[in-house]
Amino acid sequence: MSAVEIHDPTLRDGQHAVRHQLGVAALRGYAEAADAAGIPVVEVGHGNGLGASSLQVGRAAVSDDLMLSTVREALRHSRMGVFMLPGWGTSDDLRKAIAHGADVIRIGVHCTETSLAERHLGFLREAGADAHCVLMMSHMASPHELAEQAALVVGYGARAVGIMDSAGHFLPEDVTERIGAIAGAVDVPVIFHGHNNLGMAVANSVAAARAGAGILDGCARGFGAGAGNTQLEVLVPVLERSGFETGIELYGLLDAAEFAERELMPAPPVTGSLSIVSGLAGVFSGFKPQVLAESRRAGVDPRDVFFELGRRQAIAGQEDLIVDVVAELSTAKAIA
Amino acid sequence: MTVTEDTTTTVEPVTVAVIGTGAIGQDLVSKVHRSPVLECALVAGRNRESEGLRHAARLGYPTTSGGIDAILAAPRPFDVVFDATNAMSHAEHWRLLRPLPGTLLIDLTPSRVGQFVVPTVTGTHAPTERNVSLISCGGQASIPVTHALANRFAVQYIEVVSTVASSIAGRATRLNLDEYVATTQHAIAEFSGVRDTKAILNISPAVPPATFRTAIHAIIPDATTDAVRAVVADAARRVRAFARGYEVIACTVTGDQVVVSLEVAADSDVLPRYAGNLDIINSAAILVAEQHAARLGSAAARTGAVR
């Protein structure tokens with residue numbers, strides 16, 4: 001059996017589903033449960049990572065400092081992960097995260113813009129941190145481009161590199177091709193992070209493992225924006241049956257998922273109509289709450305808003321475009 | 001303003017040098033070329049083959065690949081030096097240029113070393129210090145509005161999210177994101193008096209490239225839509241006096257949350273229309289240089305001195 005390392009961003013990416021409102025008790029409780037299950041890495045933070053609490057995407061209920069110290073205290077065996085988007089967080093945030101005991105630090109960049117990570121990956125290399133780089137919205141680049149960008153970030157200092165299917169747009173063959181291209185271009189572990197907009201997240205993750213990915217992301221109950229992420233407690237046993245070892249204890253994993261469903265979310269994510277549309281349109285799933293709110297206010301069809309955002313090639317972080325698109329569609333409707 | 005009525009004296013044009021040959025440096029050279037009162041005396045880069053040096057040479061200006069050393073070696077100090085390099089280099093450039101008498105250094109990098117200037121906010125007088133910071137593109141786009149809002153309302157929080165087209169974001173911009181964030185936040189706070197501020201920068205690879213945009217989110221408890229729109233429209237009108245492509249795209253008030261979306265299109269001989277981020281900061285820089293030129297010109301006229 002070959003081994004795959006599971007990276008669990010429930011307490012970071014899941015925040016998108018609850019407008020970044022996870023409290024201290026929820027953070028502590030889930031981190032303890034994940035630690036007990038033997039999940040190797042538990043990632044925590046605002047949904048867009050360190051320093052990203054904002055009106056643009058939502059202000060967090062708990063400060064970065066308190067989130068990190070809470071989860072650090074709760075983890076005995078698991079390593080603590082954090083996430084940072086250059087232009088949102090800064091090296092100061094990285095420095096603070098290291099001081100809080102973050103073990104794995106992921107820098108996220110749009111899939112064609114990896115040079116934005118050069119400075120921060122260099123900083124992390126100097127600091128001796130385990131730096132990862134993830135290429136977001138990876139359906140917007142070809143396998144060849146992704147492989148080139150992955151090789152660049154390894155040169156900058158990343159010790160693992162991979163892709164996020166931020167819009168939940170991929171089918172398994174798309175993943176096989178892309179992970180294969182990246183694995184052929186770098187000699188560090190390759191990461192895959194799936195979203196479930198088209199119901200493909202687990203299948204895509206297994207395809208990634210078969211194509212050579214060494215690190216897979218999954219969230220309890222799929223906790224995440226829109227249709228959610230790869231459902232962790234499904235992914236792990238499916239991987240084991242497919243011949244990939246995770247080292248995670250099944251009952252502990254199922255208990256952690258029970259805790260998450262009860263304490264972290266009003267209801268587990270479902271593949272709702274709007275999530276299907278955002279997957280088809282290739283728009284970041286995290287836009288959903290704001291698209292819904294703005295569309296309701298202006299009386300426009302949120303599905304039209306997603307397709308128009310896709311046409312404008314909106315990338316993660318560009319939530320401010322939603323207001324413009326809604327205003328434009330609402331004016332067009334008034335004229336027609 | 002360099003022309004005096006005293007025909008017995010000859011007033012030389014104000015000499016400027018540009019260091020840095022990326023898109024921002026090239027546009028500066030073209031804007032100096034357009035200016036009736038500024039004379040481009042040297043364009044300094046580090047690579048003889050760079051497009052920026054070739055562009056300057058095509059316009060007939062002296063060029064050098066000697067970088068800052070060539071600026072320092074000039075027989076007479078330049079009246080104005082534009083620094084279009086990067087935030088890390090700027091502090092060193094200032095250390096080297098500071099001893100030169102009479103040189104005004106205008107910083108286009110987000111280094112936060114010099115005196116902050118935002119033309120519609122800090123006024124049209126010449127700067128009082130010899131190192132002037134243009135803050136950042138997001139700062140130049142947002143501060144006229146955030147300053148006006150803070151003057152009129154009790155603003156509790158300001159956040160500025162700018163999106164720049166990838167094709168116009170050069171290596172220095174990409175390496176200076178931390179400085180961009182820190183300097184922009186600091187300047188927004190300084191000019192609005194609001195302590196809680198945040199700056200975010202997105203780089204968009206959309207094709208065709210999207211026009212530079214800045215969204216301002218503010219928390220203002222007592223704002224009404226009409227009052228906010230009036231304040232924003234007035235601030236934008238004043239910016240358009242020197243940056244013609246500056247436009248308010250949307251302005252909404254929901255409860256205590258105000259969102260103002262701005263776009264800036266470039267009005268430039270060398271920049272694509274979408275590169276309003278470079279156009280607005282360079283237009284502001286040229287305005288500062290021209291004000292400095294006017295002051296030098298009137299000083300020369302008063303004393304009858306030949307500069």
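Keep in mind that this is a model prediction, so the values were computed, not measured.

Cut-offs applied
Residues numbered from 1 in each chain as written. Chains lettered and ligands numbered in written order. Predicted model: local features only at pLDDT ≥ 70, side-chain atom pairs only at ≥ 80, totals over all residues. Heavy atoms only, no water. Helix = DSSP H or I, 4+ residues; strand = E, 2+ residues; numbered from the N terminus. Rg over C-alpha atoms; globule rule 2.2 N^0.38 Å. Contact = heavy atoms within 4.5 Å. Areas by Shrake-Rupley, 256 points an atom, 1.4 Å probe, with all protein chains shown as cover. Lys, Arg positive; Asp, Glu negative; His and termini not counted. Charge placed at Lys NZ, Arg CZ, Asp CG, Glu CD. UniProt positions renumbered as here; feature names shortened; annotations may be inferred. Buried < 20%, exposed > 50% of the residue type's maximum accessible area, 1.4 Å probe, protein only. Disulfide = S-S within 2.5 Å. Salt bridge = Lys/Arg side-chain N within 4 Å of Asp/Glu carboxyl O. Axes fitted to C-alpha atoms, helices over the stretch in contact; angles between N-to-C directions. Parallel < 35°, antiparallel > 145°, perpendicular 65-115°, else oblique. Left-handed = near helix turned anticlockwise from the far one by under 90°. Nonpolar A, V, L, I, M, F, W, Y, C, P; charged D, E, K, R; others polar. Buried area = accessible area lost by both parts, 1.4 Å probe. Polar contact = N/O pair within 3.5 Å; in protein donor to acceptor, adjacent residues only side chain to side chain. Pairing = 2+ DSSP bridges.

Colleague: Can you walk me through the overall build of chain B in this structure?
Modeller: Scanning chain B for helices and strands turns up ten helices and twelve strands. Its C-alpha atoms give chain B a radius of gyration of 20 Å, near enough to 19 Å, the size a compact globule of 307 residues would have. Each of the three principal axes of chain B carries a C-alpha extent, and together these read 65 × 45 × 30 Å. Sequence-distant contacts, at least 24 apart, represent 72% of the contacts inside chain B between residues at least 6 apart. About 12,000 Å² of surface is accessible on chain B, with carbon and sulfur atoms providing 51% of the total. Taken as two groups, the 26 positive and 28 negative side-chain charges of chain B have centres that lie 1 Å from each other.

Colleague: What should I look at first to understand unusual backbone geometry in this one?
Modeller: Residues apart from glycine generally show negative phi values, whereas peptide bonds are mostly found in trans. With an omega of -5°, the peptide bond between Val 207 of chain B and Pro 208 of chain B qualifies as cis. Within the secondary structure, Pro 208 of chain B is located in the loop between β9 (197-204) and β10 (212-219). One non-glycine residue, Arg 19 of chain A, adopts positive backbone phi at about 50°. A positive phi angle is found at Arg 221 of chain A, which is not glycine, with a value near 55°. The residue Arg 221 of chain A is located in the loop between β9 (215-217) and α9 (232-241) in this model.

Colleague: Can you walk me through the UniProt feature "binding site: NAD(+)" (unreviewed entry) in chain B in this structure?
Modeller: Residues and elements named next belong to chain B. Feature annotation in UniProt places "binding site: NAD(+)" (unreviewed entry) on Thr 21, Gly 22, Ala 23, Ile 24 and Asn 277, given in this structure's numbering. Here Thr 21 is to be found in the loop between β1 (14-19) and α1 (23-34). Look at Thr 21 and you get buried, because its relative accessible area is 19%. When near neighbours in sequence (up to four residues on either side) are disregarded, Thr 21 contacts Gln 26, Val 43, Ala 44, Gly 45, Ser 50, Gly 52 and Leu 53. Mapped onto the secondary structure, Gly 22 falls in the loop between β1 and α1. Take Gly 22: its relative accessible area is 35%, and that puts it in the partly exposed class.

Colleague: Sorry if this is basic, but what is going on with the state of the cysteines here?
Modeller: As used here, a disulfide is simply a covalent bond connecting the sulfur atoms of two cysteines. Following the criterion strictly, the structure yields zero disulfides over all chains and no others. The cysteine Cys 111 of chain A is free of any disulfide, with Cys 133 of chain A supplying the nearest cysteine sulfur at 11 Å.

Colleague: Quick question: what am I supposed to make of the pattern of salt bridges here?
Modeller: When the charged atoms of two side chains with opposite charge come close together, those side chains can pair. Following the criterion strictly, the structure yields 31 salt bridges over all chains and no others. For Glu 233 of chain A, the salt bridge goes to Arg 221 of chain A, with nearest N and O atoms at 2.7 Å. With Glu 233 of chain A in helix α9 and Arg 221 of chain A in the loop between β9 and α9, the pair connects residues that are twelve residues apart, well separated along the chain. Across this residue pair, the class does not change: Glu 233 of chain A and Arg 221 of chain A are buried. The shortest N-O distance in the salt bridge between Lys 31 of chain B and Asp 279 of chain B comes to 2.7 Å. You can see Lys 31 of chain B sitting in helix α1 and its partner Asp 279 of chain B sitting in helix α10 (residues 276-303), a full 248 residues away along the chain.

Colleague: Looking at this structure, how should I read the packing of helix α12 (residues 288-298) of chain A against helix α14 (residues 320-335) of chain A?
Modeller: Packed helix pairs are specified by the crossing angle of their axes together with the interaxial distance, meaning the distance between the axes. Residues and elements named next belong to chain A. Two numbers describe how α12 lies on α14: the axes approach to 10 Å, and their chain directions differ by 30°. Taken together, the axes of α12 and α14 are roughly parallel relative to one another. With respect to the hand of their crossing, α12 and α14 are arranged in right-handed fashion. Where α12 approaches α14, its residues Gln 290, Val 291, Glu 294, Ser 295 and Ala 298 are matched on the opposing element by Ile 322, Val 323, Val 326 and Ser 330. Grouping the amino acids of the contact of α12 with α14 by side-chain chemistry returns five nonpolar, three polar and one charged.

Colleague: Looking at this model, I keep getting lost on the interface of chain A and chain B. Mind explaining?
Modeller: How big an interface is tends to be expressed through the accessible area that disappears when the partners come together. Listed per partner, the contact involves 32 residues of chain A and 37 residues of chain B. Between chain A and chain B lies a buried interface of about 2,700 Å² when both sides are counted; carbon and sulfur atoms form 50% of it. Sorting the residues of chain A by area buried against chain B places Leu 55, Leu 116 and Arg 119 of chain A first, and these three jointly supply 23% of that buried surface. Linking chain A with chain B are six salt bridges, by the criterion used here. Between Asp 320 of chain A and Arg 213 of chain B there is a salt bridge, with its nearest N and O atoms 2.8 Å apart. Contributing elements (two or more residues each) for the side of chain A that touches chain B: α5 (118-127) and α14 of chain A. The leading source of residues in the side of chain A that touches chain B is α14 of chain A, at four residues. Classifying every residue of the side of chain A that touches chain B by side-chain character gives nine nonpolar, 15 polar and eight charged.

Colleague: Even after reading the chapter, I still don't get the UniProt feature "site: Transition state stabilizer" (unreviewed entry) in chain A, so can you show me in this structure?
Modeller: Residues and elements named next belong to chain A. The residues that UniProt annotates with the feature "site: Transition state stabilizer" (unreviewed entry) are Arg 12. Considering the arrangement of structural elements, one finds Arg 12 in helix α1 (residues 10-13). By relative accessible area, which is 2% here, Arg 12 ends up buried. Apart from residues lying up to four places away in sequence, Arg 12 is in contact with Glu 43, Val 44, Gly 45, His 46, Gly 47, Gly 49, Phe 83, Met 164 and His 193. Among the polar contacts made by the side chain of Arg 12, one reaches the side chain of Asp 13 at a distance of 3.2 Å.

Colleague: Mind showing me how you'd approach the UniProt feature "active site" (unreviewed entry) in chain A here?
Modeller: Residues and elements named next belong to chain A. Feature annotation in UniProt places "active site" (unreviewed entry) on His 16, given in this structure's numbering. Relative to the helices and strands, His 16 resides in the loop between α1 and α2 (24-37). Setting aside chain neighbours within four positions, we find His 16 in contact with Gly 47, Asn 48, Ala 225, Phe 284 and Pro 289.

Colleague: Any chance you could explain the sheet that holds β10 of chain B here in plain terms?
Modeller: Sheet strands line up and pair through hydrogen bonds in the backbone, either parallel or antiparallel. Residues and elements named next belong to chain B. A sheet is described by the order of its strands in space; here five strands give the open sequence β9-β8-β10-β12-β11, paired in mixed fashion. At either margin of the open sheet sits one strand with a lone partner, and together these are β9 and β11 (246-254). Neighbour-to-neighbour, the strand axes of the sheet open up by a mean angle of 15°, direction not taken into account. In terms of strand pairing, β10 meets strand β12 (residues 257-264) through eight bridges, oriented antiparallel. Each bridged residue has a counterpart across the sheet, and for His 217 the counterpart in β12 is Val 259. The sheet contacts of helix α9 (residues 225-240) involve β11 and β12, and relative to β11 the element is tilted by about 165°.

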